[in-house]
Amino acid sequence: MRKVFYILSVLLVVACSSTQKIKNVPEIKNVNATFDDYLSLFNAAGYNVSSYDISSLKDSVSSVIFSVREFLNGAEVENDNNAQFLTIYKISDFDEKDREEIIKIGDADDEANGIYRLATKMKIGLAPAADVCEQKLYFEISGSEIMGSTNQQLKKRAFDKKRSLLKYSLRPFKIGTFEKDKFIPLLMYGSAWWDKDANIYRFCGEKEFSSDMKSEIFSHSPHYFIIGVEFK
């Protein structure tokens, strides 16, 4: 009986040891994808969104002009890629009947200060277009609801010697002290350029630009867009 008990004890120890070894075996586990996993894929596919908090401007501005400036071989290209939107709607802008209805149903963003709608956020998005030589650009301002938006198509114009489209990349600007009635650059979307010393096409340098645009990227990139706003 003792011999049987001994054998069973040994087998139990061996089984436990084997189980422990199995637990420590390296393995690949299938897990649920996170938002960040999808975000990196969207970015790689050409989808990008930049978001800006403008809630602190409510007492300083009343409208915003969304603007795209295009540069080809160092010279600015004439265009009319501008769109203007109000950033605030006051209750007093409505007739008496509508004012009473707004107050009655509590539909104002800030009734105490007479504000019906107030823009608190800006979004700028880029997405691939059906034509590989174009890029979709989307601008939106919103608060409790969307207050204005516009879509544009950016035409890519930079090609290599074989007439193949060069790669375009997106870089942000540093946002300095706020100034009213002045163009504020937010994003640069530009093409790579040929580096004859390295014998490659490249788009490298600062990861974030200053508003003076003194980065070498601006002098080397043959084609780029400056995307920004001006508050009134």
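First, a word on what this report is: a plain description of the structure on this page. Please read these numbers as outputs of a predicted model, since none were measured by experiment.

Structural notes on the sheet that holds strand β8 (residues 134-142)
If you walk across this open sheet you meet the 4 strands as β1-β7-β8-β9, and the pairing is antiparallel. Looking at strand neighbours, the two that pair on one side only are β1 (48-53) and β9 (146-155), the edges of this open sheet. The sheet shows a mean angle of 15° between the axes of neighbouring strands, taken without regard to direction. Note: β8 against β9, 9 bridges, orientation antiparallel. Pairing of lysine 136 across the sheet is with glutamine 153, part of β9.

Considerations on unusual backbone geometry
Positive phi, close to 55°, is recorded for asparagine 73, a residue that is not glycine. Turning to its location among the elements, asparagine 73 is positioned in the loop between β2 (63-72) and β3 (75-77).

Digging into empty space enclosed by the protein
The final tally for this structure, using the stated rule, is 1 cavity of 30 Å³ or more. Estimated volume of the largest cavity: approximately 40 Å³. As for the largest cavity, its lining consists of Ile54, Leu57, Lys58, Val61, Thr87, Leu118 and Ala119. Looking at the lining of the largest cavity residue by residue, the classes come out as 5 nonpolar, 1 polar and 1 charged.

Regarding a nonpolar patch on the surface
A surface patch of nonpolar side chains, about 330 Å² in accessible area, is lined by Tyr38, Phe42 and Tyr47. Within the element layout of this structure, phenylalanine 42 appears in helix α2 (residues 35-44).

Conventions adopted
- Residues numbered from 1 in each chain as written.
- Predicted model: local features only at pLDDT ≥ 70, side-chain atom pairs only at ≥ 80, totals over all residues.
- Heavy atoms only, no water.
- Pairing = 2+ DSSP bridges.
- Helix = DSSP H or I, 4+ residues; strand = E, 2+ residues; numbered from the N terminus.
- Axes fitted to C-alpha atoms, helices over the stretch in contact; angles between N-to-C directions.
- 1 Å grid on protein atoms, 1.4 Å probe; cavity = no way out; pocket = protein on both sides within 12 Å on 5 of 7 lines; lining within 4 Å.
- Points joined across faces, edges and corners; volume = space filled by probe spheres on them.
- Nonpolar A, V, L, I, M, F, W, Y, C, P; charged D, E, K, R; others polar.
- Patch = residues over 30% accessible without salt bridge, like charges linked within 9 Å, V, L, I, M, F, W, Y side chains within 5 Å.
- Areas by Shrake-Rupley, 256 points an atom, 1.4 Å probe, with all protein chains shown as cover.
- Salt bridge = Lys/Arg side-chain N within 4 Å of Asp/Glu carboxyl O.

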